[in-house]
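# A look at the structure
One-letter residues, chain by chain:
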Amino acid sequence: MNFSILQRETIYQGRAFGVEKIQMKLPDGTVRPYDLVQHSGSVTIVPLDSNGNLLFVRQYRIGVGEELLELPAGVLNDTEDPQTCAAREIREETGMAATNLELLGDFYLAPGYSSEHMYIFLASGLYPSPLEQDADEFLHLVAIPAVQALEMAQNGEIRDAKSLAALMLAQKRLKGGL
């Protein structure tokens, strides 16, 4: 099928993303407007400690108006490699560094309106090595046994989509151990 972009206009550019108004010609010749969130990409980390716990963060999310339990995550800087971003984010959000960062997979978060491409890493061999958190982050660290975290995901107790997807990608490794 032949889709073509006729016009793009940036209508907003923020710290984490931009929004474009796009005029798209569809295969039937119709021209339709679309809104597209341009995003530099992101990572989510599944931090597994030596006791078999996963490290989560609890943080307030403006989109839902409440705190959510989430795996550590962050946005890629302009030309940053996903693994470098994951190594930085785990230190910022949990205070731990990882000896091993293994890419488990990647996916698009909401391809109907966003270009955000997320990479999922399993982090192991954790040791203390904190970095200062971002100024707007107020995080509470929560350690949960891996098997319990998987059960919580299946029971609807974890409601963050990126964390659910990351747990699904890590599930075989978490049940089988390292």
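Conventions we followed
Residues numbered from 1 in each chain as written. Predicted model: local features only at pLDDT ≥ 70, side-chain atom pairs only at ≥ 80, totals over all residues. Heavy atoms only, no water. UniProt positions renumbered as here; feature names shortened; annotations may be inferred. Helix = DSSP H or I, 4+ residues; strand = E, 2+ residues; numbered from the N terminus. Salt bridge = Lys/Arg side-chain N within 4 Å of Asp/Glu carboxyl O. Buried < 20%, exposed > 50% of the residue type's maximum accessible area, 1.4 Å probe, protein only. Pairing = 2+ DSSP bridges. Contact = heavy atoms within 4.5 Å. Polar contact = N/O pair within 3.5 Å; in protein donor to acceptor, adjacent residues only side chain to side chain. Domains from an automatic or database assignment. Buried area = accessible area lost by both parts, 1.4 Å probe. Axes fitted to C-alpha atoms, helices over the stretch in contact; angles between N-to-C directions. Lys, Arg positive; Asp, Glu negative; His and termini not counted. Core = buried A, V, L, I, M, F, W, Y, C linked by side-chain atoms within 4.5 Å.

As annotated in an unreviewed UniProt entry, the protein chain carries the name NUDIX hydrolase and is attributed to Bellilinea caldifistulae.

Bringing the UniProt feature "domain: Nudix hydrolase" (unreviewed entry) in the protein chain into the picture now. Under the UniProt annotation, "domain: Nudix hydrolase" (unreviewed entry) lies at residues 38-166. Between the first and last C-alpha atoms of residues 38-166 the distance is 22 Å; the span itself is 22% helix and 43% strand.

One pass over the full model with this rule turns up 10 salt bridges. Linking R88 and E80 is a salt bridge whose minimum nitrogen-to-oxygen distance equals 2.6 Å. No difference in accessibility class separates R88 from E80, as the two residues are buried. When salt bridges that share partners are traced, they join R61, E70, D160 and K162 into one network.

Relative to strand β6 (residues 66-70), strand β5 (residues 53-61) runs antiparallel, the two being bridged by five bridges. When the sheet's bridge partners are listed, R61 is paired in β6 with E66. Hairpin connection from β5 to β6: four residues lie between these consecutive antiparallel strands, with G65 at a positive phi of about 70°.

Another aspect to go through is the environment of Y34. You can see Y34 is positioned in strand β3 (residues 31-39). Judged by relative accessible area, which is 28%, Y34 ranks as partly exposed. Spatially, the C-alpha atom of Y34 lies 6.4 Å from that of Q23, the residues being 11 residues apart in sequence. Beyond its immediate stretch of four places on either side in the chain, Y34 contacts E20, K21, I22, M24 and L26. Within the structure, the side chain of Y34 is placed 3.4 Å from the side chain of R32, a separation counted as a polar contact.

When cut into domains, the protein chain gives domain 1 (4-38) and domain 2 (42-177). Domain 1 and domain 2 are separated by 30 Å when their C-alpha centres are compared. Each side of the interface is counted separately: domain 1 has five residues, and domain 2 has four residues. Contact between domain 1 and domain 2 buries roughly 410 Å² in total, counting both sides, with carbon and sulfur atoms accounting for 45%. Summed over the three residues of domain 1 that lose the most area to domain 2, namely R15, L36 and V37, the buried surface amounts to 61% of that side. Joining domain 1 to domain 2, the criterion identifies zero salt bridges. Put simply, domain 1 and domain 2 have three residue pairs in polar contact (both at pLDDT 80 or more) between them.

Strand order in the open sheet made by the three strands is β1-β2-β3, with antiparallel pairing throughout. Each edge of the open sheet carries a strand with a single partner, namely β1 (4-13) and β3. Geometrically, the sheet is characterised by an average inter-axis angle of 25° between neighbouring strands, direction not taken into account. Bridge analysis of β1 against strand β2 (residues 17-25) gives eight bridges, and the strand direction is antiparallel. Opposite E9, over in β2, you have K21 as the bridge partner.

Here D49 lies in the loop between β4 (42-47) and β5. Of the side chains with opposite charge, R173 comes closest to the buried, unpaired D49, at an N-O distance of 14 Å. In this structure the side chain of D49 is engaged in a polar contact, spanning 2.8 Å, whose partner is the backbone nitrogen of N53.

This brings us to the nonpolar core. One broad trend across soluble globular proteins is that nonpolar side chains are buried collectively. Within the largest apolar cluster, 23 residues are counted, with the highest numbers of intra-cluster contacts made by V46, L54, F56, L167 and L174. Broken down by secondary-structure element, the contributors of at least two residues to this core are β5, β8 (96-108), β9 (117-128), β10 (140-145), α2 (146-154) and α3 (161-176). The biggest single contributor to this core is α2, with five residues. The residues touching V46, leaving out its near neighbours within four places in the chain, are L54, L71, I120, F121, L122, A123, A166, A170 and L174. Grouped together as the second largest cluster of nonpolar side chains are 13 residues, L55, A86, I90 and F121 included.

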